[in-house]
Structure formats: structure tokens, C-alpha cells
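Summary of the model geometry
The residues making up each chain are set out below.
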Amino acid sequence: TDYDFFTLAQADERCANDRLAMETGQAVSNEEWVRFASNGQNVLLEVVKTPMFIDQKFVGVLGIGRDITHARSIENALREANETAIRASQAKSEFLANMSHEIRTPMNGVMGMIDVLLHSPLNDEQRRMAEIIRDSAYAQLTVLTDILDFSKIEAGKLELAPMAFNLEAVVG
């Protein structure tokens, strides 16, 4: 009986599950921390108490306890690792969003100054170099915008804005 394995108080608690199984005729399952009286060891048990019948006559309760201490500690470790990974991913997304904004601001200044430069008198070589700078700056801004969009997607903060467009031109 439970009194052979557990302290008196714990055995009394477990007998309550025996009575419940007897009264309902159904198996009773629970998880419980127990301290074995024989060695004082604490373990987490998954316990199932099932009423036993022979020829439809109740003859007793069968109790099966399975030590799930190690399995539960692994589950907890995995849960903590998953939470840590989620926090790391969120931190990465926030970092990318912040860096994208920090880089985009001076990039807009560079692009504005390039536009001013291109509207000033330049020789052909200077104009060609300024256009290369402008095109590179716009390409860099596109990359920064993509990074910001991906970080917003990961953070669940991307907002879609409906807008009219020409499907034929887009597909073309």
C-alpha cells in the first residue's frame, strides 16, 4: 500500500485518490511530488489509480507510479531554452530595427545632398560619379528598408497599407 512507500501524511493523501477511483469506477491520474520514507528521496511521480474488478465485483485499486522527475526537468530546460531563443530573436529584431533607423537617417541626408549636387553645374565625369553615388545610396536604402520590414515581420508589427496599383505593370 501507499503506507509501505510514503510518510503517513502522504499516504493519507494518496488514499483519497484510491477512494475517488473506487467511488467513480474510473481511473484517477495526477502528478505529485513524493518523498520516499525508505531513503528520503524526492521524486515527481505520474500516478494512475485504477479500480480493479473481477466478475464485476470490486476487488481493489491498482496504483501505478512512474518517476517523471528527469523527463520534467528536461521539459523545463527545453522550455527555458525556447524562451531564451525567443527573447534573443526579439532582441535581434529590435536591434535591426534600431540600426536600420540609425543608418537610414544619415543616408537620407547623403541622398539629399547628392540631389543638390546633381542639380548644380557639373562636368560629364563629375555627373557620372554623382549618379553612381546616388544609385548606390538608393540601393543601400532599399536594403535598409528590407531589413526594417523583416524585423517588423518577426516582431509581429508589420502593418499592411492598401494602395492602388497597376497589376499589369507590376507583373510586367
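One structure accompanies this document, and this report is about it. The structure displayed is predicted, hence computed values, not measured ones.

1. Description of the overall build of the protein chain
Scanning the protein chain from N- to C-terminus turns up 4 helices and 3 strands. For the protein chain, the α and β elements follow one another from N to C terminus as α-β-β-β-α-α-α. For the protein chain, the C-alpha radius of gyration of 35 Å lies well beyond 16 Å, the compact-globule estimate for 172 residues. With respect to the three principal axes, the spread of C-alpha positions in the protein chain is 105 × 45 × 20 Å. Sorting the 172 residues of the protein chain into buried and exposed places 20% on the buried side. If you take every contact in the protein chain between residues at least 6 apart in sequence, the share linking residues at least 24 apart comes to 37%. Of the roughly 12,700 Å² of accessible surface on the protein chain, a fraction of 59% belongs to carbon and sulfur atoms.

2. A word on the sheet that holds strand β1 (residues 28–35)
Read across the sheet, 3 strands follow the order β1-β2-β3 without closing on themselves; strand pairing throughout is antiparallel. A strand with exactly one partner marks an edge of an open sheet, and here the two such strands are β1 and β3 (57–67). The mean inter-strand angle of the sheet, taken between neighbouring strand axes irrespective of direction, is 30°. When strand β2 (residues 42–54) meets β3, the two strands line up antiparallel, connected through 10 bridges. Paired with lysine 49 across the bridge in β3 is glycine 63. Contacts between helix α1 (residues 8–24) and the sheet are confined to β1, β2 and β3, with β1 contributing the most and set at about 170° to the helix. Along the sheet, helix α2 (residues 69–118) makes contact with β1, β2 and β3, crossing β2 at roughly 125°.

3. A look at unusual backbone geometry
For aspartate 55, which is not glycine, the phi torsion reads 50° and is therefore positive. Positionally, aspartate 55 belongs in the loop between β2 and β3. Despite not being glycine, glutamine 56 has its phi angle at roughly 65°, a positive value. Along the chain, glutamine 56 falls in the loop between β2 and β3.

4. Some details on the nonpolar core
In terms of nonpolar packing, the biggest core is built from 7 residues, these being Met107, Met111, Ile114, Leu118, Ala130, Ala137 and Leu141. Within the residue set of this core, elements represented by two or more residues are α2 and α3 (124–155). Once you skip the residues sitting within four places of it in the chain, isoleucine 114 turns out to touch Ala130, Ile133, Arg134 and Ala137. In terms of nonpolar packing, the next biggest core, distinct from the first, is built from 6 residues, Phe6, Val34, Val43 and Val47 among them.

5. Here's the deal with α1
Quick reminder: α-helices carry 3.6 residues per turn. Residues three or four places apart thus point the same way. Here α1 spans 25 Å end to end across 17 residues, near enough to the 24 Å set by a 1.5 Å rise per residue. Along α1, the positions that sit buried rather than exposed are Gln10, Ala11, Arg14, Cys15, Asn17, Asp18 and Ala21. When α1 is viewed along its axis, its buried side chains cluster within an angular range of 155° and face the same direction. Of the exposed residues in α1, the ones pointing more than 90 degrees away from its buried face are Leu8, Ala9, Glu13 and Glu23. The inward-facing, buried residues of α1 contact β1, β2 and β3.

6. A look at the packing of aromatic side chains
Using the criterion set out here, one finds 1 aromatic pair in the structure. Aromatic side chains phenylalanine 53 and phenylalanine 58 sit 5.8 Å apart centroid to centroid with 70° between the ring planes, which places their arrangement in the edge-to-face category. Note on phenylalanine 53: relative accessible area 45%, which makes it partly exposed.

Criteria and thresholds
- Residues numbered from 1 in each chain as written.
- Predicted model: local features only at pLDDT ≥ 70, side-chain atom pairs only at ≥ 80, totals over all residues.
- Heavy atoms only, no water.
- Helix = DSSP H or I, 4+ residues; strand = E, 2+ residues; numbered from the N terminus.
- Rg over C-alpha atoms; globule rule 2.2 N^0.38 Å.
- Buried < 20%, exposed > 50% of the residue type's maximum accessible area, 1.4 Å probe, protein only.
- Contact = heavy atoms within 4.5 Å.
- Areas by Shrake-Rupley, 256 points an atom, 1.4 Å probe, with all protein chains shown as cover.
- Pairing = 2+ DSSP bridges.
- Axes fitted to C-alpha atoms, helices over the stretch in contact; angles between N-to-C directions.
- Core = buried A, V, L, I, M, F, W, Y, C linked by side-chain atoms within 4.5 Å.
- Expected span 1.5 Å × (residues − 1).
- Arc of directions from axis to C-beta.
- Phe/Tyr/Trp six-rings, centres within 6.5 Å; stacked < 30°, edge-to-face > 60°.

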